[in-house]
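Each chain, letter by letter, is given below.
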Amino acid sequence: MKKAYNPKAIEAKWQKEWEKSGVYRQYARKEKYYVLDMFPYPSGAGLHVGHPRGYIATDVVARFKQLSGYGVLHPMGWDAFGLPAEQFALKNKIHPEVSVKKNIATFKKQLRNIGFTYDWEREINTTDPAYYKWTQWIFLRLWKKGLVYESHDPINWCPSCKTGLANEDLDNGRCERCESVVEKRPLRQWVLRMTRYADRLLRDLDTQKLEWAESIKEQQRNWIGRSEGAEVIFYIADTEEEIRVYTTRIDTIFSGTYVIVAPEHPLVAKLLNFQFPTRLPDGQVSNFQNKNEVKQYIAAAKKKTDLERTDLNREKTGVELKGISVINPATMEKIPVWVADFVLGQYGTGAVFADAHDRRDFDMAKKYGIPLKVSIRPAGDEGLWDKVERLEECFEGEGTLVHSAQFDGLTSAEARPKIIDWLAKQGLAKKKVNYKMRDWTFSRQRYWGEPIPLIHCDPPAGGCGVVAVLEKDLPVKLPQVKSYQPTDSGESPLADIAKWVNVKCPKCKGSAKRETNTMPQWAGSCWYYLRFIDPQNTKALVDRKQEKKMMPVDVYVGGTEHATRHLLYARFWHKFLYDIKAVSEKEPFKRLVNQGLIMAADGRKMSKRWGNVVNPDDMIAEFGADAFRVYEMFMGPFTQSIAWNTDGVVGTRRFLEKVWRLQSKLITNNEQRTKENKSLESLLHKTIKKVTEDIEEFKFNTAISAMMILVNQLEKEKEVSSILYSRFLILLSPFAPHIAEELWRSLGEKKSIFLAKWPKWNPKLLVSETANVAVQINGKLRAVLVVETGSDEETVKTMAFANPKVMAHIEGKEIRKVIYVRDKILNIVAV
RNA sequence: GGGCGAGUGGUGGAAUGGUAGACACGUUGGACUCAAAAUCCAAUGCUGGCAACAGCAUGAGAGUUCAAGUCUCUCCUCGCCCACCA
């Protein structure tokens, strides 16, 4: 009898051996396969059992692809810049650099225990100057192409994190990290012109045939938020001033009875500042009557947070600009102008025209007694039209135009292009595409990030302005500081370090100052997948030849939480790199798979706070890494959220024990014997097919259940041929690599199982000799017949009618119809 | 309000329109053992019945079909994402 299964001993042994021999580094192979995890932020808490789910899946795929003959790139690294690392460091009074190093060591040790194929020679760390040199390099290229600009517009400011945030960092008006309500704060900041790529980011989701979950693509589409409409000019009566309005419903223009502008709209400020050129014959400068009221309203709106302003349940408020009117370009009527804070300054033109066909406009008009008109008649439903016409109900849908001059009778869709054309000819409107997506607010007023490689040369006498750091001077390293506490002033803590801040201007050599803002957390992860291909390169961010060979990433695995940030930012940068010919593909990630979250046994998220965290180290100590891996893949569909259940690991450990015990049934290599047992041979081939196809589709749970079925059968056999057993071990090896390698070697194999060839199934052997045909009478199962595979209808019918159970159910009935599906079912319709 | 998913035993979950509940956990009974653990064998959707068997069953209701967890429609519930975007 062989010795008992002892995962502890064999797992450590093989992990060492694999790493020493570099068995996974088969990069010379002709066909490549790049399988990538979303690299983690190394938190101080270490891994819980939820984290490795995705890593185990990519490891299964990586091993499977290597066995299938590919040269597999499967790297790992650390995304260690950003607020979480800094806050952890602040709280624990350790410099981020030190704590990050320590956390990485913990993570790495934990990951190693699970037995991954990661090529640690390619490990990267976004906080390493040798890495962020290239993050800064890309920034400079963006700068040179005019895709970086300085802005002083109010931005989202988190009072607790003390930094500006991008739109993508907000969750319902709150800071995504600390849940503080975000304020608007005017702050100097650097912004990336991501909107210039909006259209390509949208289109390439489809044109580049990305194999991503439809839900993620849809989230990106919604985020980009493209809409087609028109920009329409409303002249301010008796002046040459105009208000531009964006609309997707120009078919309703004839019912536009007022215009609403956002409190931030520059024109309002202009009107308030007496810069209102009129041409009134009596020489009056302005007829704006209620300036104070308007000023108060705007001041109040500014105080509100976005959370308050966008509260849907809030009643609409607004103030009329009394004495000001604009001209509806379609009707040429004078209509009033209102300011209301539900109109957003940043979207479209910051102004809209209002009518009875929009719920918000309708409600506001009713509240303030503003006149309304209708111009769209809903199809059918006379009762509805009655109410709409009497302004009792708001109709927001499309319909037929009425009270719209020459456009009467057209449908909304027909009317839109015609109205735009008509107005365009008079210079009053043009087609316009709008996006919800904003440019990317790229500066953070914090310490722990990549320094932005710009220099301000503006001495009182006048200087060069903002100047880029020379490429040869990269990286701009983060200086060592004593205090990296964020400030309330909107200044980065870096601003206090005179030694670092004061530099010579690269252009005029005069004294200048460094930019002290740092890049956001997401910068480093925008291109890391490229660096893995060529991590030591000092001449370029990646060697073009190698990039061409390895890209795109064939399969990318990670959580859905990155749908509109990392995945959008990375695609944006990648497209830019494509434009400057630094990479050869338009899209970086060909296939994207999102793992479901692993929840705690109590159904909540695993968190220290709830005390429900399960540590993988404990699971491995108790059950072994292989049982742990197999359980994580077996517990449920990969993309679905699921609660952890330690009892389940018992089951996969038992399965591996069974596999181990099969050794006692082994008979020496005897192909003949294997072939004699036809049903077993057939089962093996079915298993090969199932496991192969399921791994490709990330259906690991059913792949494992297929292997369990095979093992349960093998257990029943008196003897098991070692040929069959060794093939099974290859199937098992991606999931449970250590035990598979151990058993493989004990068969006398000299080379690693991971240098073996993945078995192929023979379609001829999939067919068993007999088939079970279910006999239904009126759709109800009454008997199951065992027939020779491929039997014809007559044979099966004869057998069925001879069956006593069948006879009992059709006795005295008329047979109306018989349906036969070969080797599957015979349905008798009898009345 | 909009979009995307999902509702199947005690539990996690299987099921190209063709035997619903594979595989696993748990539970119950048995074998082995002085005993326990481990292991093995058997049973395990619900209802009735000693049993053979019958009936009912995939969130609810209708429809298509010889046949529906699967397709169509209506509704309910839950989850996730977005949301005053004009």
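The coordinates are above.
The text that follows walks through the structure, step by step, so that each part is easy to find. (Residues numbered from 1 in each chain as written. Chains lettered and ligands numbered in written order. Predicted model: local features only at pLDDT ≥ 70, side-chain atom pairs only at ≥ 80, totals over all residues. Heavy atoms only, no water.)

### Here's the deal with the overall build of chain A
Then, number 1: Broken down by element type, chain A carries 27 helices and 35 strands.
Then, number 2: If one aligns the C-alpha atoms of chain A with their principal axes, the spans along those axes are about 110 × 85 × 50 Å.
Then, number 3: Counting across all 831 residues of chain A, residues that qualify as buried make up 54%.
Then, number 4: If you take every contact in chain A between residues at least 6 apart in sequence, the share linking residues at least 24 apart comes to 73%.
Then, number 5: Counting every atom, chain A has about 37700 Å² of accessible surface; 50% of that belongs to carbon and sulfur.
Then, number 6: Each charge class in chain A can be summarised by its mean position, and for the 128 positive and 105 negative side chains these summaries are 5 Å apart. (Helix = DSSP H or I, 4+ residues; strand = E, 2+ residues; numbered from the N terminus. Buried < 20%, exposed > 50% of the residue type's maximum accessible area, 1.4 Å probe, protein only. Contact = heavy atoms within 4.5 Å. Areas by Shrake-Rupley, 256 points an atom, 1.4 Å probe, with all protein chains shown as cover. Lys, Arg positive; Asp, Glu negative; His and termini not counted. Charge placed at Lys NZ, Arg CZ, Asp CG, Glu CD.)

### A word on helix α18 (residues 616–623)
Then, number 1: Along α18, the residues classified as buried are P616, M619, I620 and F623. In an axial view of α18, the angular spread of the buried residues amounts to 95°, which keeps them on one side of the axis.
Then, number 2: Where the residues of α18 are buried, they touch α1 (7–21), α4 (96–114), α19 (625–634) and α20 (646–661).
Then, number 3: Looking at where α18 begins, the residue whose side-chain oxygen comes 2.7 Å from the main-chain nitrogen of D617 is N615.
Then, number 4: In the stretch just after α18, G624 is the one whose phi turns positive, near 95°. (Arc of directions from axis to C-beta. Polar contact = N/O pair within 3.5 Å; in protein donor to acceptor, adjacent residues only side chain to side chain.)

### Describing the state of the cysteines
Then, number 1: Counting across every chain of the model gives zero disulfides.
Then, number 2: Here C464 is not disulfide-linked; the sulfur of C508 is the nearest cysteine sulfur, at 3.6 Å.
Then, number 3: On the accessibility criterion, C464 (28% relative accessible area) is partly exposed.
Then, number 4: Unpaired in this structure, C526 has its nearest cysteine sulfur neighbour in C175, at a distance of 19 Å.
Then, number 5: By relative accessible area, C526 is classed as buried at 0%. (Disulfide = S-S within 2.5 Å.)

### Details of the side chain of H562
Then, number 1: Secondary-structure assignment places H562 in the loop between β26 (555–558) and α17 (566–579).
Then, number 2: Beyond its immediate chain neighbours, meaning those up to four positions away, H562 contacts M38, W522 and L567.

### A closer look at unusual backbone geometry
Then, number 1: Of the consecutive residues L474 and P475, the connecting peptide bond is found in the cis state with omega at 0°.
Then, number 2: Residue position: P475 is located in the loop between β23 (465–468) and α14 (498–501).
Then, number 3: Residue P552 is reached from M551 by a cis peptide bond, and omega for that bond is 0°.
Then, number 4: Its location among the elements puts P552 in the loop between α16 (544–550) and β26.

### Things to note about the pattern of salt bridges
Then, number 1: Tallied over the entire structure, the rule returns 52 salt bridges.
Then, number 2: Linking R200 and D579 is a salt bridge whose minimum nitrogen-to-oxygen distance equals 2.9 Å. On the criterion of sequence distance, the pair formed by R200 in helix α6 (residues 198–207) and D579 in helix α17 is long-range, its members being 379 residues apart.
Then, number 3: Taking the shortest distance from any N to any O, the salt bridge between D386 and R390 comes out at 3.9 Å.
Then, number 4: Given the relative accessible area of 38%, D386 is considered partly exposed. (Salt bridge = Lys/Arg side-chain N within 4 Å of Asp/Glu carboxyl O.)

### Concerning the sheet that holds strand β32 (residues 770–777)
Then, number 1: Sheet architecture is open: four strands sit in the order β33-β32-β35-β34, paired in mixed fashion. Because the sheet does not close on itself, it has two edges, and the strands there are β33 (780–788) and β34 (815–821). With direction set aside, neighbouring strand axes in the sheet form an average angle of 20°.
Then, number 2: In this structure, β32 lies alongside β33, joined through eight bridges in antiparallel fashion. (Pairing = 2+ DSSP bridges. Axes fitted to C-alpha atoms, helices over the stretch in contact; angles between N-to-C directions.)

### Looking at the sheet that holds strand β5 (residues 148–151)
Then, number 1: The strand order across the open sheet built from three strands is β5-β11-β21, with neighbouring strands paired in antiparallel fashion. Bordering the open sheet on either side are β5 and β21 (440–441), each of which pairs with just one other strand.
Then, number 2: In the sheet, strand β11 (residues 189–192) pairs with β21 via two bridges, with the strands oriented antiparallel. Following the sheet pairing, V191 is matched in β21 by T441.

### A short note on the protein's contact with RNA strand B
Then, number 1: Around RNA strand B there are 52 residues in total, and T248, R309, R314, R360 and M635 lie nearest to it.
Then, number 2: When atoms of RNA strand B within 4 Å of the protein are split into backbone and base, the sugar-phosphate part holds 61%.
Then, number 3: Taking M635, its main chain carries an N or O atom lying 2.6 Å from a sugar or linking oxygen of RNA strand B.
Then, number 4: In terms of residues, the surface near RNA strand B owes the most to one element, helix α23 (residues 700–716), which gives seven residues.
Then, number 5: Broken down by class, the residue content of the surface near RNA strand B amounts to 20 nonpolar, 15 polar and 17 charged. (Near = heavy atom within 4 Å. Nonpolar A, V, L, I, M, F, W, Y, C, P; charged D, E, K, R; others polar.)

### A word on the pairing of strand β14 (residues 258–261)
The side chains of a regular strand alternate between the sheet's two faces.
Then, number 1: Neither face of β14 is open: one carries Y258 and I260, the other V259 and V261, and all of them are buried.
Then, number 2: Inspection of the sheet shows β14 paired to strand β17 (residues 351–354) by four bridges, in the antiparallel sense. Note that in β17 the partner of V259 across the bridge is F353.
Then, number 3: Bridge count for β14 against strand β16 (residues 334–339) is three bridges, and the pairing is parallel. Within the sheet, the bridge partner assigned to V261 lies in β16 and is V339.

### Regarding the nonpolar core
Then, number 1: If you look at the biggest cluster of nonpolar residues, it comprises 177 residues, and the most contacted ones within it are W440, Y528, Y529, W573, W644, F700 and F735.
Then, number 2: Counting residues in each nonpolar core, the second largest holds 59 residues, with I250, V261, I324 and F395 among its members. (Core = buried A, V, L, I, M, F, W, Y, C linked by side-chain atoms within 4.5 Å.)

### Some points on empty space enclosed by the protein
Then, number 1: Enumeration according to the criterion identifies three cavities of 30 Å³ or more in this entry.
Then, number 2: Of the voids in this model, the largest cavity is the one considered here, and its volume is about 170 Å³.
Then, number 3: L83, L165, R444, P520 and Q521 are, among the 19 residues lining the largest cavity, the residues nearest its centre.
Then, number 4: Elements that contribute at least two residues to the lining of the largest cavity include exactly α3 (83–91) and β7 (163–165).
Then, number 5: The computed volume of the second largest cavity comes to approximately 60 Å³. (1 Å grid on protein atoms, 1.4 Å probe; cavity = no way out; pocket = protein on both sides within 12 Å on 5 of 7 lines; lining within 4 Å. Points joined across faces, edges and corners; volume = space filled by probe spheres on them.)

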